[in-house]
Amino acid sequence: MALVPLKRRRRAPSPPAGPPGPGRFPAVVLCLVEKRMGASRRAFLTQLARAKGFRVDRTYSAAVTHVVSEQNSGAEVAQWLEQQREECGDGGDPALLDISWFTESMGAGRPVEIESRHRLRVAALAPHGRQMAPYACQRRTPLLHSNQPLTEALETLAEEAGFSGSEGRSLAFTRAASVLKALPGRLGALEELGPLPGIGEHSRRVIQDVLEDGVCAEVERVKLSERYRTMKLFTKIFGVGVRTASRWYQEGLRTFLDLQERSTKLTRQQQAGLQHYDDLNTPVERSEAESTSRAVQEAVKRFLPGASVTLAGGFRRGKPRGHDVDLLLTHPEEGREVGLLSRVVSWLDSQGLILYQHSQENSYGLREGPEPLGGRDVMDRFERCFSIFRLEAQGGPGAARGWKAVRVDLVVAPVSQFPFALLGWTGSRHFERELRRFASRERKMVLNSHALYDTRTSFYPLRPKKKSSSTWAWSMCPPHRETPEPWSTCPLQRPLAAQESPLQPWKRPLLPPVLAASSVFPGDPARLVPVD
Ligand code: 8GT
Ligand code: MN
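About the cut-offs
- Residues numbered from 1 in each chain as written.
- Chains lettered and ligands numbered in written order.
- Predicted model: local features only at pLDDT ≥ 70, side-chain atom pairs only at ≥ 80, totals over all residues.
- Heavy atoms only, no water.
- Donors = N, O, S within 2.8 Å, 3.2 Å for Na, K, Ca; no water.
- Buried < 20%, exposed > 50% of the residue type's maximum accessible area, 1.4 Å probe, protein only.
- Helix = DSSP H or I, 4+ residues; strand = E, 2+ residues; numbered from the N terminus.
- Polar contact = N/O pair within 3.5 Å; in protein donor to acceptor, adjacent residues only side chain to side chain.
- Pairing = 2+ DSSP bridges.
- Contact = heavy atoms within 4.5 Å.
- Axes fitted to C-alpha atoms, helices over the stretch in contact; angles between N-to-C directions.
- Phe/Tyr/Trp six-rings, centres within 6.5 Å; stacked < 30°, edge-to-face > 60°.
- Lys NZ or Arg CZ within 6 Å of the ring centre and 35° of its normal.
- Arc of directions from axis to C-beta.

Trainee: Teacher, can you tell me more about the coordination of the manganese ion (ligand 2) here?
Mentor: When a metal carries six donors in an octahedron, the ideal angles between them are 90 or 180 degrees, while four donors in a tetrahedron ideally lie at 109.5 degrees. Protein-derived ligands of the manganese ion (ligand 2) are D324 (OD) and D326 (OD), with the metal-ligand distances lying across 2.1 Å. Taking the relative accessible area as the measure of exposure, D324 reaches 7% and is therefore buried. The class of D326 is buried, set by a relative accessible area of 9%.

This is the structure:
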């Protein structure tokens, strides 16, 4: 490669945009990393490769099979790749290669076989656990990651443990999966993990099996087991939880036909769940979530102008599809939201938009103090409507019939609790659990979807000032992220001063609640003030 200019000159020409067809080697799509290589050398190499019949894409996409870089470390390229995946919203699992592979391929006039000396070393994924923050809420967990087969295996075991009522075991597998999602690249060998926090012996065995054999025998056994399959079938019915499904299984029920033949007693919710089973287990597309949101917005506007409807849940984390639509309703003037939900639901019903609904009243008193720790997990006590909407079908399975049943949760939050509601309802479930664990263990605070309490000041609830409330919650979760912005990269996340050390309880005079609360969260300073 001595013939090509090594250094970048000013204003280098960009490589021609777009790929010139599939090239002579359809199985190979190159993308060159500009960092350190420089724009002009990149343009030169692109032209060279194209002249030899290679397809070289200017921008990264899931189609790219070979990422070539020069003078970058494996970790740098892995990080670059993660960013590209996020930007293009698609995955792909390209080989990360050093320029030597490119040089040899150009010399040979064809893509040479990849040998280990060509590969960038991404071995130090998390050397000695130092790079991995212990709580999931402190890490960045992108929507698309490189360890899908491993996390799927672990999550199957987590689900199975949940079906057997072993919450602790379920959490252990979920935690291990969560750590793998946050790795900067694909795990090649168990040793690369080092003594990472949150991955226990059992999970390591599962990981090793999948790395070595492509599958884990234990997971395959679970997936085929009658109990797991039946539990999965039953818990996918709206209104059927693990306890009911388990009871049915013990009674010998295995299929929907069994439920019918044995005249199993079903609640109204479960009847609706069974009736719309197929639709409700077909993913909800983002466009469907948005049109649901618009319909609710229209109804809300009729009865309470100025009230807002916010799409939360997985869609707010940037997921392209989900299992339901989570909508939060509020009004900038506290108290005006009371009575809104029933009017909205009646109106939507009169328009033929509702197939099923049941509502629950608000039963939360801020002054009561928080629930006992660990008592209710992520459940909250907002006024809420669990419903099934009849949505006009936009293609997909309901197209012929013209409509599709979609699960919708409408949640009403008074504006003073709205940031906590939005934060809580954005999920993921594991992120929320970890955020609450962090607040309690490291900050001696209690967080739920209603408020943040400082336990040192007798459960004094803290809340953001009204004006900053929505910006505060928004700043917690930029779009296209599985979880909110990482702790470490947030400019507002300052290191704890000595007196704030988690080991040394805060004292009010040293750290007023306003600071205490803003250091729990990496968002906008929030200007949290005590509820007066
Ligand atoms: P999805 O795409 O499968 O719908 O995924 P999701 O949107 O992340 O999950 P979800 O089951 O729809 O729940 C949305 C979030 O709301 C969860 O992260 C959960 O932590 C949170 N949440 C609360 N309160 C409550 C509650 O009372 N019930 C439920 N089910 N979820 C709640 O903050
Ligand atoms: Mn959801």
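Trainee: Help me understand the side chain of N448 in this model?
Mentor: Of note, N448 is situated in the loop between β12 (445-447) and β13 (452-454). Taking the relative accessible area as the measure of exposure, N448 reaches 12% and is therefore buried. A distance of 2.8 Å separates a polar atom in the side chain of N448 from the backbone nitrogen of H450.

Trainee: What's the story with the sheet that holds strand β3 (residues 66-69) in this structure? I'm lost.
Mentor: Hydrogen bonding along the main chain pairs the strands of a sheet, whether they run parallel or antiparallel. An order of β2-β1-β3-β4 is seen for the four strands of this open sheet, with the pairing classed as parallel. Edge positions in the sheet fall to β2 (55-56) and β4 (95-98), since each has one partner strand and no second. In the sheet, strand β1 (residues 29-32) pairs with β2 via two bridges, with the strands oriented parallel. Its bridge partner being in β2, V29 is matched across the sheet by R55. Together, β1 and β2 form the strand contacts of helix α1 (residues 39-51), whose direction differs from that of β1 by roughly 165 degrees.

Trainee: It is not clear to me how helix α16 (residues 418-426) should be interpreted in this structure. Could you clarify?
Mentor: Side chains of residues three or four places apart in an α-helix project in the same direction, reflecting 3.6 residues per turn. The element α16 is largely enclosed, with a buried count of nine among its nine residues. Residues of α16 that are buried include every one of F418, P419, F420, A421, L422, L423, G424, W425 and T426, and no others. In the stretch just after α16, G427 is the one whose phi turns positive, near 70 degrees.

Trainee: What am I meant to see in the sheet that holds strand β10 (residues 383-392) here?
Mentor: What the five strands build is an open sheet, ordered β6-β8-β11-β10-β9; its pairing is mixed. Of all the strands in the sheet, just β6 (308-311) and β9 (354-360) have a single pairing partner and so form its edges. In this sheet, neighbouring strand axes are inclined to one another by 25 degrees on average, regardless of whether the strands run parallel or antiparallel. Contacting β6, β8 (325-330), β10 and β11 (403-412), α16 crosses the sheet at an angle of about 175 degrees to β8.

Trainee: Where do I start with the packing of aromatic side chains in this structure?
Mentor: Geometry of an aromatic ring pair is reported as the spacing of the ring centres plus the angle between the planes. Enumeration according to the criterion identifies six aromatic pairs in this entry. Relative to Y277, the ring of F256 lies with its centre 4.7 Å away and its plane at 75 degrees, an arrangement referred to as edge-to-face. Of this pair, F256 sits in helix α10 (residues 256-261) while Y277 sits in helix α12 (residues 277-280); the two residues are 21 residues apart in sequence, bridging distant segments of the chain. We classify Y277 as buried; its relative accessible area is 10%. Against the face of Y249 rests R254, its NZ or CZ located 3.7 Å from the ring centre. For R401, the ring lying beneath its charged end belongs to W403, and the centroid distance is 4.2 Å.

Trainee: It is not clear to me how helix α8 (residues 226-235) should be interpreted in this structure. Could you clarify?
Mentor: The complete set of buried residues in α8 reads Y228, T230, M231 and F234. The buried residues of α8 occupy an angular sector of 165 degrees when projected down its axis, which confines them to one face. Residues of α8 that are buried make contact with α4 (148-163), α7 (217-224), α9 (242-250) and α10.

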